[in-house]
Protein chains: 2
Amino acid sequence: MIKVVKFGGSSLADANQFKKMYDIVKSQPERRFIIPSAPGKRFKEDDKVTDLLYKTYDIILKDKDYKKIFKRIKSRYLDIIKELNLDLNLDEEFEKIEQNFIQKSGVNYAASRGEYLNALIMAKYLEYEFVDAKEVICFDEDFNFLPEETNNKLKNCLQDKENAVIPGFYGATPSGKIVTFSRGGSDITGALVARAVSASVYENWTDVSGCMLADPKIIKDAKVIDVLTYRELRELAYMGANVLHEDSIFPVRRSLIPIRILNTNAPVDKGTSIVSETDKQAKYLITGIAGKKNFVSVNIDKIKMNTEVGFCRKVLQVFEDNDISIEHMPSGIDSMSVLIKGSNFNHKEEKVIKEIKEIVSPDYIGVDRNVALIAVVGRCMKDKIGLVGRICSSIANAEINIKILDQVSSEFNIIIGVNNEDFEKTIYAIYNSFVIYD
Amino acid sequence: MIKVVKFGGSSLADANQFKKMYDIVKSQPERRFIIPSAPGKRFKEDDKVTDLLYKTYDIILKDKDYKKIFKRIKSRYLDIIKELNLDLNLDEEFEKIEQNFIQKSGVNYAASRGEYLNALIMAKYLEYEFVDAKEVICFDEDFNFLPEETNNKLKNCLQDKENAVIPGFYGATPSGKIVTFSRGGSDITGALVARAVSASVYENWTDVSGCMLADPKIIKDAKVIDVLTYRELRELAYMGANVLHEDSIFPVRRSLIPIRILNTNAPVDKGTSIVSETDKQAKYLITGIAGKKNFVSVNIDKIKMNTEVGFCRKVLQVFEDNDISIEHMPSGIDSMSVLIKGSNFNHKEEKVIKEIKEIVSPDYIGVDRNVALIAVVGRCMKDKIGLVGRICSSIANAEINIKILDQVSSEFNIIIGVNNEDFEKTIYAIYNSFVIYD
């Protein structure tokens with residue numbers, strides 16, 4: 001049995017966190033392949049090392065003095081080494097990095113050094129072999145990720161190793177140029193390793209005890225979700241729940257490897273299991289609530305639109321021609337709304353409205369910029385009676401008006417649109433109705 | 001002030017009904033222009049004259065003996081003339097109609113004679129001038145209706161007349177060929193006359209005391225709607241409420257002429273007013289409920305469909321290419337349903353599914369053939385809190401599962417999808433919650 005274990009930045013922010021990590025890894029021999037992030041914040045006002053690296057590189061590009069900030073980065077690592085009493089000298093590494101920075105070897109290279117250095121320290125501390133991600137995580141010269149080549153290289157490299165530490169977040173092109181995944185991409189590295197070694201579980205250690213039923217910024221002490229399906233995770237993540245990097249689940253999802261979200265600071269907590277399928281009923285009828293503000297609803301009325309073959313298609317064509325992706329398209333009789341992200345639309349509004357007018361001659365067209373969308377996510381619920389009524393009643397009891405409702409027949413996830421200013425209140429009302437008073 | 005008054009078939013089914021019609025027309029001198037339908041059923045098993053005319057013509061086309069059924073038609077009119085003691089001889093008319101039938105002068109001509117003969121009797125009885133619809137309701141030689149020409153001819157013809165009876169349902173081409181509107185088209189004739197004479201109201205006399213809040217076949221003694229907006233009427237009619245012919249409201253809607261639905265058998269009842277706009281709150285929070293069975297839901301899942309620009313458009317394109325109009329397209333996260341009428345889809349299913357698979361490679365595609373859609377229609381309700389919750393709770397309390405929910409932000413009409421077998425129960429549950437226990 002192999003466990004692939006990824007630690008987030010806050011789990012490796014200082015020597016004290018490294019000690020917790022050590023205890024976690026060493027407590028189970030199955031925890032064989034470890035993926036570190038760069039050191040995160042030690043306290044609220046602290047900087048993440050990755051942010052400091054971006055800043056340093058930016059200063060160098062402007063030919064200003066980077067020495068002070070570079071020293072801060074160095075001291076983060078030196079403090080950890082010193083406190084852990086490691087026999088490790090990174091002088092040469094820092095020298096090389098500084099030279100490469102000065103030679104402007106790319107923002108991707110700069111950003112990746114946080115994970116690289118942390119992995120060197122971790123490998124030394126755990127007495128595990130260090131495997132540089134640039135040897136095993138493959139991109140082409142246009143910086144496109146190469147999943148099959150990566151999988152083969154990882155397999156070949158790791159198959160004979162008992163243990164290894166592989167830095168997250170980056171890989172390299174055949175010519176050796178460093179390329180990073182998008183921010184938070186250490187999760188992807190972990191998932192790729194888990195897939196390559198056919199891990200029985202991919203552990204994702206962070207600073208919360210799993211995925212919360214609702215955003216803890218809105219619901220204090222929000223309950224932890226026991227078991228999530230990949231699909232539910234995707235749905236919650238898409239709607240703004242912020243635990244796992246959205247793209248990071250695909251490599252393990254495809255291989256049906258379960259993920260566990262665990263808390264470095266409370267390792268006995270059960271955390272959240274993410275599985276491809278489960279018969280287990282969610283504890284609270286709903287699995288989770290998530291949402292985002294600042295959607296735009298383009299509302300279109302036209303008598304007999306339903307009988308006009310191609311009406312909706314023509315409207316959607318306008319959005320497509322303007323490279324705007326559609327979130328939802330609820331409709332009534334003679335009326336439809338197209339919901340899109342505000343950020344994608346604001347500068348294109350005039351053009352889009354003009355084109356819709358030209359192409360379908362609506363009786364009315366209007367834009368509502370004040371829409372928050374909330375998704376209530378669950379499983380095996382399409383035959384559950386009364387859920388929608390309960391959700392809508394709880395919102396009504398909080399004196400919030402529902403602007404948009406959208407539910408498809410296949411699975412249970414219901415999309416609710418409210419005014420931006422009612423967003424938090426709505427999540428609170430739904431959470432209360434299913435969790436507190438259940 | 002001019003009132004244009006249309007009587008339905010049951011309001012003119014026999015001499016007794018003609019007497020009621022007479023009293024109604026003569027009680028108000030403003031009731032100047034009258035549009036009759038053909039005689040309807042006098043009792044449940046009776047035939048409508050229009051149906052007998054279609055049958056007769058069909059028999060003639062097959063060169064079989066039509067004499068017996070033609071005699072039945074004649075006797076319907078002769079009975080009315082006799083009982084009303086009218087000095088009117090229709091022998092020549094019947095002779096001419098029979099000759100034209102034998103010469104196969106068209107099914108439209110055949111069908112139109114019901115209104116034509118009834119209008120002759122009505123004009124005589126009321127002592128109003130008869131205006132043949134073939135002189136004033138205009139179609140081109142391809143049987144397309146010509147609204148502007150009709151409006152001008154009606155205006156010219158009626159402007160100097162104090163009163164007139166104009167048969168409903170038909171008109172003619174320039175060459176004199178008779179063309180009928182679709183079934184129930186006498187409502188259209190009435191609306192066209194109302195528009196041409198700038199009537200202050202278009203009265204539509206029938207055998208019910210207005211539009212019902214829900215289908216009286218499902219809800220016995222369903223309450224009458226006081227005031228309906230055109231939009232609500234359209235919405236209810238579109239979803240299957242069966243009072244006014246759907247297309248008939250457009251001519252008067254455009255001219256902002258209110259319609260009143262009144263009961264020939266209970267002329268003191270208030271009936272339903274249909275107006276272009278009203279500040280009047282509907283009595284029961286919701287204006288009405290209507291629905292239809294046998295929709296099909298094509299359910300499509302694909303990870304990240306929301307981020308794929310053009311995904312929905314491509315799916316809708318397939319339906320458009322197969323000449324299928326879309327009713328609704330509710331969506332969740334990574335899932336969407338396309339709702340269409342079953343009758344439009346069944347023979348095209350295989351082709352449509354194949355094309356969707358080719359064009360968007362869904363993770364899952366399935367077809368649910370067991371969908372009834374119900375619309376709850378209202379006005380000024382987009383800021384009413386709690387309505388949706390109340391509707392959904394009432395359905396849940398009846399232990400019915402909601403499969404689909406669709407509500408747009410602009411106006412209040414909410415679309416609810418349930419299994420076909422739950423259709424009546426759902427309407428009953430919603431009606432009870434808003435009307436009985438309100």
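Data block above holds the structure.
In this text the structure is predicted, and so the values were computed from the model without any measurement.

Regarding the overall build of chain A
Consideration 1: Helices and strands together make up the secondary structure of chain A, namely 14 helices and 14 strands.
Consideration 2: Its C-alpha radius of gyration of 25 Å places chain A within 12% of the 22 Å reference for a compact globule of 438 residues.
Consideration 3: Dimensions along the principal axes, computed over C-alpha positions, put chain A at roughly 75 × 50 × 40 Å.
Consideration 4: Looking at chain A as a whole, 61% of its 438 residues qualify as buried.
Consideration 5: The contacts in chain A between residues at least 6 apart in sequence include a share of 74% that link residues at least 24 apart.
Consideration 6: For chain A, the distance from the average position of its 61 positive side-chain charges to the average position of its 64 negative side-chain charges is 2 Å.

Quick word on the interface of chain A and chain B
Consideration 1: If you look at the interface, chain A gives 64 residues, while chain B gives 64 residues.
Consideration 2: Applying the counting rule to chain A against chain B returns 6 salt bridges.
Consideration 3: Secondary-structure elements contributing two or more residues to the side of chain A that touches chain B are α8 (230-238), α9 (250-254), β10 (288-301), α10 (311-321), β11 (335-341), α13 (387-397), β13 (404-407) and β14 (413-419) of chain A.
Consideration 4: Its residues assigned to classes, the side of chain A that touches chain B comprises 25 nonpolar, 20 polar and 19 charged.

Description of the packing of aromatic side chains
Consideration 1: Evaluated as defined, the whole model comprises 26 aromatic pairs over all chains.
Consideration 2: Measuring from centroid to centroid gives 6.3 Å for F18 of chain A and Y125 of chain A, while their planes differ by 50°, and the two rings are tilted. Residue F18 of chain A is found in helix α1 (residues 15-26), and its partner Y125 of chain A is found in helix α5 (residues 107-126); the two are separated by 107 residues along the sequence.
Consideration 3: Both rings, one in F139 of chain B and one in F181 of chain B, keep their centres 5.3 Å apart while their planes meet at 55°; by these two values the pair is tilted.

With respect to the relation of the copies chain A and chain B
Consideration 1: Overlay of chain A on chain B (RMSD 0.1 Å): rotation 180°, translation along the axis 0.0 Å. Taken together, the rotation and translation describe the operation of a two-fold axis.

Regarding the sheet that holds strand β7 (residues 227-229) of chain A
Residue and element names in this part refer to chain A.
Consideration 1: With mixed pairing, 7 strands are arranged side by side in an open sheet as β3-β2-β1-β6-β8-β9-β7. The open sheet has two free edges, formed respectively by β3 (164-165) and β7, since each of these has just one partner strand.
Consideration 2: Here strand β2 (residues 31-36) runs beside β3; their pairing, made up of 2 bridges, is parallel. The residue of β3 that forms the bridge with F33 is A164.
Consideration 3: Running at roughly 150° to β2, α5 makes contact with β1 (3-7), β2 and β3 of the sheet.
Consideration 4: Packed onto the sheet, α8 meets β7, β8 (259-263) and β9 (272-275) and runs at close to 85° relative to β7.

Brief notes about the sheet that holds strand β14 (residues 413-419) of chain B
Consideration 1: Here 10 strands make up an open sheet; going across it, the order is β11(A)-β10(A)-β12(A)-β14(A)-β13(A)-β13(B)-β14(B)-β12(B)-β10(B)-β11(B) and the pairing antiparallel. Each end of this open sheet is capped by a strand with a single partner; those strands are β11 of chain A together with β11 (335-341) of chain B. This sheet shows a mean twist of 30° between the axes of neighbouring strands, independent of strand direction.
Consideration 2: The sheet contact formed by strand β10 (residues 288-301) of chain B and strand β12 (residues 364-377) of chain B spans 11 bridges and is antiparallel. Following the sheet pairing, I289 of chain B is matched in β12 of chain B by V376 of chain B.
Consideration 3: With respect to the sheet, α8 of chain A is in contact with β10, β11, β12 (364-377) and β14 of chain A together with β10 and β11 of chain B, its orientation differing from that of β10 of chain A by roughly 60°.
Consideration 4: Each of β12, β13 and β14 of chain A together with β13 (404-407) of chain B is contacted by α13 of chain A, which is oriented at about 15° to β14 of chain A, the strand it contacts most.

What to know about the pattern of salt bridges
All names here are of chain A.
Consideration 1: One pass over the full model with this rule turns up 50 salt bridges over all chains.
Consideration 2: E129 is the salt-bridge partner of K161, the closest N and O atoms lying 3.2 Å from each other. Placement of K161 in the loop between α6 (147-158) and β3 and of E129 in the loop between α5 and α6 is noted, with a sequence separation of 32 residues between them.
Consideration 3: Accessibility expressed as a relative area gives 18% for K161, which makes it buried.
Consideration 4: Taking the relative accessible area as the measure of exposure, E129 reaches 41% and is therefore partly exposed.
Consideration 5: Ionic contacts of the salt-bridge type, sharing partners, join the residues K3, R31 and E203 into one network.

Observations concerning unusual backbone geometry
With glycine set apart, most residues show a phi of negative sign, and most peptide bonds adopt trans.
Residues and elements named next belong to chain A.
Consideration 1: One non-glycine residue, E127, lies in the positive phi region at around 60°.
Consideration 2: Tracing the sequence through the fold places E127 in the loop between α5 and α6.
Consideration 3: Unusually for a residue other than glycine, D323 sits at a positive phi of about 60°.
Consideration 4: Note on D323: relative accessible area 54%, which makes it exposed.

Overview of the environment of V179 of chain A
Residue and element names in this part refer to chain A.
Consideration 1: In this structure, V179 sits in strand β5 (residues 178-180).
Consideration 2: You can call V179 buried: its relative accessible area is 2%.
Consideration 3: Between the C-alpha atom of V179 and that of F145, which follows or precedes it by 34 residues, the distance is 8.9 Å.
Consideration 4: What V179 contacts, discounting residues up to four positions off in sequence, is N108, F139, F143, F169, Y170, G171, A172 and T173.

Topic: the packing of helix α3 (residues 67-83) of chain A against α5 of chain A
All names here are of chain A.
Consideration 1: Close contact between α3 and α5 brings their axes to 11 Å; oriented N to C, the two are set at 10°. As the angle between them shows, α3 and α5 are arranged roughly parallel. Touching Y77, I80 and I81 of α3 are R113, G114, L117, N118 and I121, all from α5.

Quick word on helix α3 (residues 67-83) of chain B
All names here are of chain B.
Consideration 1: Between its first and last C-alpha atoms α3 spans 24 Å; for 17 residues at 1.5 Å apiece the expected length is 24 Å, and the two agree.
Consideration 2: Those residues of α3 lying buried are I69, F70, I73, R76, Y77, I80 and I81.
Consideration 3: Where α3 ends, the next residue or the one after it, N85, has phi of about 55°, a positive value.

Observations regarding helix α14 (residues 423-436) of chain A
All names here are of chain A.
Consideration 1: Between its first and last C-alpha, α14 extends 19 Å over 14 residues, near the 20 Å set by a 1.5 Å rise per residue.
Consideration 2: Counting buried residues in α14 gives 10 out of 14 residues, a clear majority hidden from the surface.
Consideration 3: Where the residues of α14 are buried, they touch β10, β12, α13 and β14.

A short note on the environment of A38 of chain B
Residues and elements named next belong to chain B.
Consideration 1: Of note, A38 is situated in the loop between β2 (31-36) and α2 (49-61).
Consideration 2: Judged by its relative accessible area of 4%, A38 is buried.
Consideration 3: On a C-alpha basis, the gap between A38 and V376 in space is 34 Å, while along the polypeptide they are 338 residues apart.
Consideration 4: Other than its neighbours up to four places away in sequence, A38 contacts G9, T50, Y77, G114, E115 and N118.

Concerning the side chain of T206 of chain B
Residues and elements named next belong to chain B.
Consideration 1: Position of T206 relative to the elements: it lies in strand β6 (residues 201-206).
Consideration 2: Side-chain polar atoms of T206 contact the side chain of D207, separated by 3.2 Å.
Consideration 3: Ignoring sequence-local partners within four residues, the contact set of T206 consists of S11, I261, L262, N263 and T264.

What counts, and where the lines are drawn
Residues numbered from 1 in each chain as written. Chains lettered and ligands numbered in written order. Predicted model: local features only at pLDDT ≥ 70, side-chain atom pairs only at ≥ 80, totals over all residues. Heavy atoms only, no water. Helix = DSSP H or I, 4+ residues; strand = E, 2+ residues; numbered from the N terminus. Rg over C-alpha atoms; globule rule 2.2 N^0.38 Å. Buried < 20%, exposed > 50% of the residue type's maximum accessible area, 1.4 Å probe, protein only. Contact = heavy atoms within 4.5 Å. Lys, Arg positive; Asp, Glu negative; His and termini not counted. Charge placed at Lys NZ, Arg CZ, Asp CG, Glu CD. Salt bridge = Lys/Arg side-chain N within 4 Å of Asp/Glu carboxyl O. Nonpolar A, V, L, I, M, F, W, Y, C, P; charged D, E, K, R; others polar. Phe/Tyr/Trp six-rings, centres within 6.5 Å; stacked < 30°, edge-to-face > 60°. Least-squares fit on C-alpha atoms with pLDDT ≥ 70 in both. Pairing = 2+ DSSP bridges. Axes fitted to C-alpha atoms, helices over the stretch in contact; angles between N-to-C directions. Parallel < 35°, antiparallel > 145°, perpendicular 65-115°, else oblique. Expected span 1.5 Å × (residues − 1). Polar contact = N/O pair within 3.5 Å; in protein donor to acceptor, adjacent residues only side chain to side chain.

Remember, this is a structural readout, not a statement about activity or role.
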